[in-house]
Amino acid sequence: MKLFNKLSLLLLLFVFALAACEKAPDLKSYKDGTAVVLSSSAAIITPVPADSAKVILTLNWTSPAYASDSITYKYIVQLDSSTKNFSKPNTVILTGSKSYTLTGKQLNNMLLNYGFALGVPVDLDFRVTSSYANNNEQYKSNVVKVKVTPYNDPSVLVTEKTSVTGTLATASNNSNKFSWGTAFNGYSGVVTYTLQYDSATKNFASSNDIALGASTYLKQMTEGEMNETALTEGVAGGTTGKIEYRVKAVTAQGAISYSNTVSVTIATNIPIVRMYLPGSYQGSTGNGNDWDPPTAPELIRDLRSGVFNSMYYIYIYLPAGAQFKVSEGRAWTTAYGTAAAPGS
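### Some points on the overall build of the protein chain
For the protein chain, the count of helices and strands is 4 helices and 23 strands. Against the compact-globule benchmark of 20 Å for 344 residues, the protein chain has a radius of gyration of 37 Å, which places it well outside the compact range. When its C-alpha atoms are laid out on the principal axes, the protein chain stretches across 140 × 50 × 30 Å. Restricting to contacts in the protein chain with at least 6 residues of sequence separation, those with at least 24 account for 63%. Working note: accessible area of the protein chain is about 18,800 Å², and carbon and sulfur atoms make up 56% of it.

Here you go:
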């Protein structure tokens, strides 16, 4: 009886083993896959603003041959400036596709976000990382290099008038309006604008700036402000001269773009020069803060034609030992008095 039981047990184990051997071929065998081979449609690209909406670069790669449906394959496309070893890459994640395209604007904006200068060729590295949908079996492709030149995408500046004039009596009236469009259209960062001006033919060699700030596309100027731009650039009061204007746009990363130039002929007038008396007496006599041009009392202007802008006077109480200077305008930019006093 014991011998029979042992034989039965051995027979049962043999049947289980045979069954296991018969099912083994039905088990799935998953392949590890292989790294894809990446290629580019171009090695050197020099786009222009007209290429903004055009596809200027196409990346293609081979299949990683994973043991699943290819439409589920995951691809991570990365680009970075060469020598950076993908430490700060632009990244796009795709599923199922074996190609990726970039328009001129997309690629240009990426370069601007890196802070590259306009018109200067830069080397970029591209690579693709493949995997199953669950990120298993990740493989990195070869690195493809492409040289790209960021292009200028400037504002277009428009002047409301090409000729203006004004008088002292109407200096606060609106005179001319400058307007412009967005620079670096499509760029995602902050763009700061400045209106620059210079006398005609000087090509902005020594331009002056009017700060405008970010996302500003309009500058309304008064007669006095237009007159001041001409006087600053050497057009004598009471004469006529031509002044050129342009818009400077700067991205958050430092890329600079200049708009077209517009010209305005300005008939100037002689503005009133205002003089003030900042000094050590101000606080104790109720005339603002000591040595503070913005709160100092103004000198009286003698408006007679023979002494206009050259003779001033004031009636004011000054304590014994008080010190003072005379400032042109409410700042220390131009001031008269001893060098030992503040503002020198």
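### Quick word on the pairing of strand β4 (residues 74-81)
The buried fraction of β4 is high, at 8 of 8 residues. Sheet topology note: the β4/strand β5 (residues 90-95) ladder contains 6 bridges and is antiparallel. Note that in β5 the partner of Gln78 across the bridge is Thr91. Bridge count between β4 and strand β7 (residues 122-131): 8 bridges; the pairing is antiparallel. Among the inter-strand pairings, Val77 is bridged to a residue of β7, identified as Val128.

### Quick look at the pattern of salt bridges
A full pass over the atoms with the stated rule returns 5 salt bridges. As a salt-bridge pair, Asp51 and Lys54 come within 3.8 Å of each other at their nearest N and O atoms. Residue classification places Asp51 among the buried positions, given a relative accessible area of 15%. Shared partners join several salt bridges into a network, and the residues in it are Arg274, Glu298 and Arg301.

### A few points about the sheet that holds strand β23 (residues 335-336)
Strand order in the open sheet formed by 3 strands is β19-β22-β23, with antiparallel pairing between adjacent strands. Lying at the two open borders of the sheet, with one neighbouring strand each, are β19 (275-276) and β23. Sheet topology note: the strand β22 (residues 326-328)/β23 ladder contains 2 bridges and is antiparallel. By the bridge assignment, Val326 is partnered in β23 with Tyr336.

### Overview of a nonpolar patch on the surface
A contiguous nonpolar patch, built from Ile300, Tyr313 and Tyr315 and spanning about 360 Å² of accessible area, is present on the exposed surface. Along the chain, the position of Tyr315 falls in the loop between β21 (312-313) and β22. For Tyr315, a relative accessible area of 71% puts it in the exposed group.

### Concerning the nonpolar core
Leu57, Leu59, Trp61, Leu79, Leu102, Leu107 and Phe126 are the most contacted members of the largest nonpolar core, which has 28 residues in total. The contact partners of Phe126, leaving out residues within four places of it in the chain, are Leu38, Leu57, Leu59, Gln78, Leu79, Phe86, Leu102, Asn142, Val143, Val144 and Val146. Core analysis: the second largest hydrophobic core is formed by 27 residues, Leu118, Tyr187, Val235 and Val264 among them.

### Points about the confidence of the model for the protein chain
Looking at the protein chain as a whole, its pLDDT mean stands at 88, while 90% of the residues score no less than 70. In the model of the protein chain, helix α1 (residues 2-23) stands out as the element of lowest mean pLDDT, 47, in contrast to strand β10 (residues 157-159), which has the highest, 98. Below pLDDT 50 for its whole length, residues 1-18 participates in 0 contacts with residues either more than four positions away or in separate chains. When the criterion is pLDDT under 50, residues 22-29 qualifies, and its contacts beyond four places in sequence or with other chains add up to 0 contacts.

### Overview of unusual backbone geometry
A positive phi angle, close to 55 degrees, is found at Ala65, a residue other than glycine. As for its position among the elements, Ala65 is in the loop between β3 (55-61) and β4. The phi angle at Phe204 is positive, at roughly 60 degrees, despite the residue not being glycine. Mapped onto the elements, Phe204 comes out in the loop between β13 (191-199) and β14 (208-214). The buried category is assigned to Phe204, whose relative accessible area is 8%.

The rules we used
Residues numbered from 1 in each chain as written. Predicted model: local features only at pLDDT ≥ 70, side-chain atom pairs only at ≥ 80, totals over all residues. Heavy atoms only, no water. Helix = DSSP H or I, 4+ residues; strand = E, 2+ residues; numbered from the N terminus. Rg over C-alpha atoms; globule rule 2.2 N^0.38 Å. Contact = heavy atoms within 4.5 Å. Areas by Shrake-Rupley, 256 points an atom, 1.4 Å probe, with all protein chains shown as cover. Buried < 20%, exposed > 50% of the residue type's maximum accessible area, 1.4 Å probe, protein only. Pairing = 2+ DSSP bridges. Salt bridge = Lys/Arg side-chain N within 4 Å of Asp/Glu carboxyl O. Patch = residues over 30% accessible without salt bridge, like charges linked within 9 Å, V, L, I, M, F, W, Y side chains within 5 Å. Core = buried A, V, L, I, M, F, W, Y, C linked by side-chain atoms within 4.5 Å. pLDDT = per-residue confidence, 0-100.

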